[in-house]
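Chain by chain, the residues run as shown.
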Amino acid sequence: MSVRPRTTAERWARFQRDQETYRRISLTRRSHERFRRDLAVVPHLFLLPGRARMAALQQPRDAVRAALRSEAIWTLDTAARLLTGLGLVTSPDLTGYMTESSFDRAVEEGLIGTPIAGGLSIDPLYHRPPMLIAHLADDPPPFTTLPSGDRVVTWQFLIRDIFGTLGWRPDLLTRLEARRPTAGIAEPLIT
Amino acid sequence: MRPPDRFEVLELLRRIQASPLGDRLILAGSSGVYGVSETIPALTEDVDVLVDADWVAAEEEIVLEHMRQLGFQHQPGTPTFTSAAGLSLDLVGYSRNDIADRIGGGKALPVMVFADLSRLLSLPGSTRELPGGGTTLSAATLAAAKLLTIRVEKGSKDKLQALLVIAENAGDDDFREHLRGLLAAFPGDRIEDALADARAALLAVSADVKIAGPQAAGYAGMHQRLERGLTVLQRLTGAAEEHS
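Since this is a predicted model, take the numbers as computed values, not measurements.

**Q** Provide a residue-level description of the overall build of chain B, including the pertinent values.
**A** A count of helices and strands for chain B gives 12 helices and 9 strands. In summary, chain B has a C-alpha radius of gyration of 18 Å against a globular reference of 18 Å for 244 residues, a match within 12%. Principal-axis analysis of the C-alpha atoms places the extent of chain B at approximately 60 × 35 × 30 Å. Out of the 244 residues belonging to chain B, those deemed buried represent 57%. Taking the contacts inside chain B whose residues are at least 6 apart along the sequence as the reference set, 64% of them involve residues at least 24 apart. Summed over its atoms, the accessible surface of chain B is roughly 9,800 Å², and 51% of this surface lies on carbon and sulfur atoms. Of the charged side chains in chain B, 24 are positive and 34 negative; the average position of the first set lies 3 Å away from that of the second.

Right, dumping it as structure tokens:
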């Protein structure tokens, strides 16, 4: 609380300012056709503190992906690339769900380096080496298996993960949905 | 001034109930959380009580005198009263005569009058009696008020408190029906924006408390309860039926 309580007139002025700000936010939201539909989405936090781990890839990305094929369930950028051929972000990471033991095994087998304590982000503001970003989960999220053998989260769960990680991104979601495979899976373009 | 704890707030309501202001003041705002939950932190620095602004306009001197007798000194030009014990109490106005945002009350004691609160308090079951004495907003009304509150700086906190109240009462059929009815009394676009705001607040506080802001940071670590509240809110508002 400030030293001097705000007068009622000051509160009124602030309320009017806030109303105008809200009106602009509301109009911006509604400028996207998908606004109402997206209200149904419950975000899922892939980078949930305490659950997310990150470590630099020690081998080529495709090799790590292949090595973890039976243990990881890919999501976000990795799943988007596998499903649509189009990524979400520029950072060339692998993003997926796995158990803690799978993650530890990836360290032991030299697929990834020592886990990094900070800087957890799928869209860093700086260039860093390619990472494996894992959400450690004992119960796997719903997934589908691709002809390649890679497992990816279901489309609905991918949308939830995008919401929970990047926030509401109508531009990105619209672009992604336009490439959603209607029958079967798009040719994987992981590179 | 210092943040009031739950005991202090409820004790103050008991004293108000025993005073001539007893049936006039309704515990609300973030301090209203103390009236509906024993587990949700209110994270507030003052006590908000609702008052009929038209009654304040007519009985201004009486209000000021009764507040003096309760140990509160009025801060001129404000709706704020402070006590020697360090409590700060704000009057927040509603009206039974109109549903409009405006400044009401009297010349010495002007109070903000909020259309949303006026509408909510005109609906059945808006308040309930506290076991120890005093009146508070009902859980559903508090949740609705918090969802609809418009303020930039502390907006996230309002939405998070609403989600926590909803999550805590999610198993109560009466609560859910009450809240559904309250929200139905408002235009659909207001509810859609409230839902979008609540989701944004949940994301911010769960992912990055620095982005969420200091007012909301105290709710970090309550992710599962917040997500539960959002899921119930989506069902109540029909948003969950808009699945692609």
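**Q** Kindly report on the pattern of salt bridges, identifying the contributing residues and their values.
**A** Scanning the entire structure with this criterion turns up 32 salt bridges over all chains. The partner of A:R169 in a salt bridge is A:D171, and the shortest N-O contact between them spans 3.3 Å. A relative accessible area of 29% places A:R169 in the partly exposed class. Exposure remark for A:D171: the relative accessible area of 47% places this residue in the partly exposed category. We note a salt bridge from B:R190 to B:D116, for which the minimum N-O separation is 2.7 Å. Of this pair, B:R190 sits in helix α9 (residues 188–207) while B:D116 sits in helix α5 (residues 115–121), and the two are 74 residues apart along the sequence. Residue B:R190 is classed as partly exposed on the basis of its relative accessible area, which comes to 23%. For B:D116, a relative accessible area of 18% puts it in the buried group. Connected via shared salt-bridge partners are A:R29, A:R30, A:R36, B:E192, B:D193 and B:D197.

**Q** Hey, could you go over the pairing of strand β4 (residues 80–83) of chain B for me, with residue numbers and the actual values?
**A** Regular strands have side chains that alternate between both faces of the sheet. Residue and element names in this part refer to chain B. Taking every second residue as pointing to the same face, both faces of β4 are buried, with T80 and T82 on one and F81 and S83 on the other. In terms of strand pairing, strand β3 (residues 72–74) meets β4 through 3 bridges, oriented antiparallel. Across the sheet, the residue bridging to Q73 is T82, located in β4. Between β3 and the antiparallel strand that follows it, β4, lie 5 residues; G77 among them carries a positive phi value of about 80 degrees. Judged from the 3 bridges that link them, β4 and strand β5 (residues 88–94) form a sheet pairing that is antiparallel. Across the sheet, T80 pairs through a bridge with D90, a residue of β5. The hairpin turn running from β4 into β5, its antiparallel successor, is 4 residues long, and G86 in that turn takes a positive phi close to 100 degrees.

**Q** Residues and numbers for helix α12 (residues 223–237) of chain B, please.
**A** All names here are of chain B. Here α12 contains 15 residues, and its C-alpha end-to-end distance of 21 Å stays within 8% of the 21 Å for a straight helix at 1.5 Å per residue. Among the residues of α12, H223, L226, E227, G229, L230, V232, L233, Q234 and L236 are the ones counted as buried. Just past α12, the residue G238 takes up positive phi, approximately 85 degrees.

**Q** Describe the confidence of the model for chain B, naming the residues involved and giving the relevant values.
**A** Chain-level pLDDT for chain B is 91 on average; 92% of the residues reach the 70-or-more range. This complex was scored by the predictor with a pTM of 0.89 and an ipTM of 0.90.

**Q** Describe a negative patch on the surface, and please don't skip the residues or the numbers.
**A** All names here are of chain A. On the surface, E100, D104, E108, D138 and D139 cluster together to form a negatively charged patch. Along the polypeptide, D139 turns up in the loop between β4 (131–136) and β5 (143–145). With relative accessibility at 67%, the residue D139 sits in the exposed group.

**Q** So what's going on with the interface of chain A and chain B? Residues and values would help.
**A** By a widespread convention, an interface's size corresponds to the accessible area lost as its parts come together. Listed as interface residues are 36 residues of chain A and, on the opposing side, 43 residues of chain B. Across the chain A/chain B interface, buried area totals approximately 3,500 Å², and carbon plus sulfur atoms make up 59% of it. The tally of links between chain A and chain B comes to 7 salt bridges. One salt bridge connects A:R160 with B:E227, and the closest N-O pair in it is separated by 3.8 Å. Sorting elements by how many residues they give to the side of chain A that touches chain B places helix α1 (residues 8–30) of chain A first, with 14 residues.

Basis of the calculations
- Residues numbered from 1 in each chain as written.
- Chains lettered and ligands numbered in written order.
- Predicted model: local features only at pLDDT ≥ 70, side-chain atom pairs only at ≥ 80, totals over all residues.
- Heavy atoms only, no water.
- Helix = DSSP H or I, 4+ residues; strand = E, 2+ residues; numbered from the N terminus.
- Rg over C-alpha atoms; globule rule 2.2 N^0.38 Å.
- Buried < 20%, exposed > 50% of the residue type's maximum accessible area, 1.4 Å probe, protein only.
- Contact = heavy atoms within 4.5 Å.
- Areas by Shrake-Rupley, 256 points an atom, 1.4 Å probe, with all protein chains shown as cover.
- Lys, Arg positive; Asp, Glu negative; His and termini not counted.
- Charge placed at Lys NZ, Arg CZ, Asp CG, Glu CD.
- Salt bridge = Lys/Arg side-chain N within 4 Å of Asp/Glu carboxyl O.
- Pairing = 2+ DSSP bridges.
- Expected span 1.5 Å × (residues − 1).
- pLDDT = per-residue confidence, 0-100.
- Patch = residues over 30% accessible without salt bridge, like charges linked within 9 Å, V, L, I, M, F, W, Y side chains within 5 Å.
- Buried area = accessible area lost by both parts, 1.4 Å probe.

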